[in-house]
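Below, each chain spelled out in residue letters.
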Amino acid sequence: PTDSQIFLSHLVSAQETYVVLDIEASGLDAEHDQMIQIAALRVHEHKPIAFRSWYVHCEPERLSLALRSKLHL
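Scoring rules and cut-offs
- Residues numbered from 1 in each chain as written.
- Predicted model: local features only at pLDDT ≥ 70, side-chain atom pairs only at ≥ 80, totals over all residues.
- Heavy atoms only, no water.
- Helix = DSSP H or I, 4+ residues; strand = E, 2+ residues; numbered from the N terminus.
- Contact = heavy atoms within 4.5 Å.
- Buried < 20%, exposed > 50% of the residue type's maximum accessible area, 1.4 Å probe, protein only.

Peer 1: Looking at this structure, how should I read the side chain of Ser 26?
Peer 2: Here Ser 26 is to be found in the loop between strand E1 (17–25) and strand E2 (35–44). Those residues in contact with Ser 26 that lie beyond four places of it in its chain are Asp 33, Gln 34, Ile 36, Leu 63 and Leu 67.

Written as structure tokens, this is what we have:
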């Protein structure tokens, strides 16, 4: 089977159970900003069933004072 056939065979279950990813960054400039947090929410039958959040290595001095305060860094 092709990759698209494999994906389509799981489409029915994906509509019932899926994971929403959220990636937080310190800004939009790839030269100066960085990824700071990844969060994942698992949903089953339209209800959240699990949540995880990870802080990625980030240098607090590269973040604005307002962002450091909001993130408790």
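Having put the structure on the table, let's press on.
Peer 1: How do you make sense of the environment of Glu 24 when you look at a structure like this?
Peer 2: Residue position: Glu 24 is located in strand E1. By relative accessible area, which is 33% here, Glu 24 ends up partly exposed. For the pair Glu 24 and Ile 38, spaced 14 residues apart in sequence, the C-alpha separation works out to 6.3 Å. Look past the residues within four positions of Glu 24 in its chain and what remains in contact with it is Gln 34, Met 35, Ile 36 and Gln 37.

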